[in-house]
Amino acid sequence: MDDFTVVTHKKHRKNHRQKALVHRAIPSEQIDHETIDIDKIQNKLNDAEKFITQVGLLRSLLSALERFRIARGLSSPICFHTVAVYGLGPFSRSYESLQQLALVKCLKDSADFLSPEWLFYDPIFSSCEREVLKGLGFTVLDQNDQGLRKVEHETLFYMPHCPLPLYHNLLWSNWNSLDRLIILGNSFNSIDNSLAHRQERAEYYLFDNILKHKFYDELPLTHQESSMPAFQDMSLHFFIPDDTKASSADIRVNQPPSYSHNAFSDDFFL
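Cut-offs used in this document
Residues numbered from 1 in each chain as written. Predicted model: local features only at pLDDT ≥ 70, side-chain atom pairs only at ≥ 80, totals over all residues. Heavy atoms only, no water. Helix = DSSP H or I, 4+ residues; strand = E, 2+ residues; numbered from the N terminus. Buried < 20%, exposed > 50% of the residue type's maximum accessible area, 1.4 Å probe, protein only. Contact = heavy atoms within 4.5 Å. Areas by Shrake-Rupley, 256 points an atom, 1.4 Å probe, with all protein chains shown as cover. pLDDT = per-residue confidence, 0-100. Phe/Tyr/Trp six-rings, centres within 6.5 Å; stacked < 30°, edge-to-face > 60°. Polar contact = N/O pair within 3.5 Å; in protein donor to acceptor, adjacent residues only side chain to side chain.

## Side note on the overall build of the chain
Here's step 1: In terms of regular secondary structure, the chain is built from 10 helices and nine strands.
Here's step 2: In the chain, buried positions account for 54% of the 270 residues.
Here's step 3: Considering only intrachain contacts with a sequence separation of at least 6, the fraction spanning at least 24 residues in the chain is 77%.
Here's step 4: Only carbon and sulfur atoms are counted for the fraction: they give 46% of the accessible area of the chain, which is about 12700 Å².

So this is what it looks like as structure tokens:
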């Protein structure tokens, strides 16, 4: 783990709030391109991919995706039109972020999963990190859509420990077509427990609705390691089409969500 900042904390929410602060300690525009050894990053990524495979994390993810495929009656292999990755973090400076990237790379290389389009966005990517991603065959977006991305086809969103408003904006943008969303990210069941205050439930009213009616399936990722903060509390979620239509019909989504706080500040990373 040389050249990486490793942060450990006891509480999950605090851990990733602190992680976000570490990620943002050095603005990407202040990082000299030549100070990052791309070959070294690639070697570390290769090692992380081997580790992800050895501990069974890739197998767990492919198993969850296979359960989704069977539930939807889709043909094999598993195929999504797009994979969109939000909030990965500075993988050249964080070992947790590198592990999260390694999982994406393992999925892309798997013969059991197909997708023609792989999109990445994080405002703190350095120019070098963007170059590495492009070299791996990924597309790096220039515009921050803050999760307001409406999808026309089934899309897998990979959102490791992203801010809760990002999830909520994604729900708002696709409220009438939730069955097209497959979300790999923080456990919805755990988010339900974190929305303790009435004001929070009012602001995240779409989340409150899906949590109340439970019209989604959640498949937790498992692995053989005793502790992997990069994947702590991570699950694959997909929505049940018939239940979704019945439970969401009376919810109005005319205006974009607004929040009483800085929605994308470090305090709201999960």
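## Some points on the confidence of the model for the chain
Here's step 1: When pLDDT is averaged along the chain, the result is 82; 78% of the residues meet or exceed 70.
Here's step 2: In this model residues 4–34 is a low-confidence stretch, pLDDT under 50, and it forms 65 contacts with partners more than four residues away in sequence or in other chains.
Here's step 3: Confidence drops under a pLDDT of 50 for residues 265–270, and excluding neighbours within four residues, the segment shows 32 contacts in the predicted structure.

## Regarding the packing of aromatic side chains
Here's step 1: Applying the stated rule across the entire model yields 15 aromatic pairs.
Here's step 2: Taken together, a centroid distance of 5.1 Å and an interplanar angle of 70° make the contact between Phe68 and Phe238 edge-to-face. Within this pair, whereas Phe68 is found in helix α3 (residues 57–72), its partner Phe238 is found in strand β9 (residues 234–239), the two being separated by 170 residues in sequence.
Here's step 3: For Phe68, a relative accessible area of 0% translates into the label buried.
Here's step 4: By relative accessible area, which is 5% here, Phe238 ends up buried.
Here's step 5: Members of the aromatic cluster, connected to one another through ring pairs, are Phe68, Phe80, Phe113, Trp118, Phe120, Phe138 and Phe238.

## Description of the side chain of Thr82
Here's step 1: Considering the arrangement of structural elements, one finds Thr82 in strand β2 (residues 82–86).
Here's step 2: Look at Thr82 and you get buried, because its relative accessible area is 7%.
Here's step 3: A polar atom in the side chain of Thr82 sits 2.6 Å from the side chain of Glu117.
Here's step 4: Residues in contact with Thr82, not counting those within four places in the same chain, are Ser115, Glu117, Leu119, Glu154, Thr155 and Leu156.

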